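# Examination of the molecular architecture
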Amino acid sequence: MHRCLKALAALALAVPVLAQAQLQLQRQFPATALRGELQITTPPDAILNGQPVRLAPGARIRGGDNLLVMSGAIAGRKSPVIYTIDTYGLLIDIWLLREDEAGKLWPKTPDEAAKWVFDPAGQTWTKP
C-alpha cells in the first residue's frame with residue numbers, strides 16, 4: 001500500500017515537469033517553408049495571405065501541439081502559419097503557430113528566403 005502511494009506521489013510530481021518540457025519542444029520547419037496567414041473557407045479551398053489557394057490531397061495541418069488538425073475544425077478562423085507548397089502549387093504541409101513561434105522572424109516570400117540566412121539547428125532566420 002505504501003509503495004503505491006509513493007509511486008502515485010512521484011507520478012503527481014513528474015506530470016507537471018513532463019508537461020512543461022513538452023511545451024518547450026521546438027518544432028522543426030523545413031527551410032523551404034514560408035510564413036503566412038491562412039483561413040480555411042470550404043475545404044479544400046482556403047485563403048492564404050489574401051489570395052485563394054487549395055489544400056493538396058493529403059495535406060497535413062498540424063496544431064500548436066504538433067498533432068494533426070482536420071481542416072473543417074479550423075474553417076473560418078484566420079491563423080498565422082508556416083506552410084509548404086507542392087509542385088502543383090497546392091498547400092501540402094501547414095503548421096499552426098503558437099504564440100512563441102509567431103513572434104519569430106520567418107520569410108513570407110521565396111525572394112525573402114533566398115536573401116536571408118537560415119539556421120536549421122536554431123530554426124531561425126537572419127537578414128544579411
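Below, the structure is looked at part by part. Within any chain, residue numbers begin from 1 and follow the written order of that chain's sequence. Totals for whole chains, interfaces and linings use all residues, but because this is a predicted model, local features are given only for residues with pLDDT of at least 70 and pairs of side-chain atoms are given and counted only at 80 or more. Where side-chain values are given, they derive from all heavy atoms of the structure, hydrogens and water being excluded.

## Concerning the packing of aromatic side chains
- Pairing of aromatic rings covers Phe, Tyr and Trp, the last counted by its six-membered ring, and requires centre-to-centre distances within 6.5 Å; plane angles under 30 degrees mean stacked, over 60 mean edge-to-face, and any other angle means tilted. Going through the model one piece at a time under the given rule, you end up with six aromatic pairs.
- Judged by centre distance (5.3 Å) and plane angle (75°), the rings of Phe29 and Trp95 are edge-to-face. Of the two residues, Phe29 is situated in the loop between helix H1 (2–23) and strand S1 (34–40) and Trp95 in strand S5 (residues 91–96); the sequence distance between them amounts to 66 residues. Side by side, Phe29 and Trp95 carry an identical accessibility label, which is buried.
- Three or more aromatic residues joined by ring pairs form one cluster here, namely Phe29, Trp95, Trp106, Trp116, Phe118 and Trp125. Note on conventions: DSSP H or I runs of at least 4 residues are helices, E runs of at least 2 residues are strands, and numbering of each starts at the N terminus. Partly exposed describes any residue whose relative accessible area lies between the buried limit of under 20% and the exposed limit of over 50%, with all areas from a 1.4 Å probe on protein chains only and scaled to the type maximum.

## Overview of the pattern of salt bridges
- Counted as salt bridges are all cases of a side-chain nitrogen of Lys or Arg within 4 Å of a carboxyl oxygen of Asp or Glu. Enumeration according to the criterion identifies five salt bridges in this entry.
- For Asp45, the salt bridge goes to Arg54, with nearest N and O atoms at 2.8 Å.
- For Asp45, a relative accessible area of 30% gives the class partly exposed.
- For Arg54, a relative accessible area of 42% gives the class partly exposed.
- Across the pair Asp93 and Arg60 runs a salt bridge whose closest N-O atoms are separated by 2.7 Å. Pair noted here: Asp93 is in strand S5 and Arg60 is in strand S3 (residues 51–62), with a separation of 33 residues, a long-range link.
- Among the charged side chains, a network of salt bridges with common partners joins Arg27, Arg98, Asp100 and Glu101.

## Here's the deal with unusual backbone geometry
- The residue after Pro43, namely Pro44, is reached through a cis peptide bond having omega 10°.
- With respect to the helices, strands and loops of the structure, Pro44 is situated in the loop between S1 and strand S2 (45–48).
- Of note in this structure, Asn49 is not a glycine but carries a positive phi near 55°.
- Among the structural elements, Asn49 can be located in the loop between S2 and S3.
- Look at Asn49 and you get partly exposed, because its relative accessible area is 42%.
- One non-glycine residue with positive phi stands out, namely Asn66, at about 70°.
- Position of Asn66 among the secondary structure elements: in the loop between S3 and strand S4 (78–85).
- Judged by relative accessible area, which is 33%, Asn66 ranks as partly exposed.

None of the figures reported here should be taken as evidence of function without further support.
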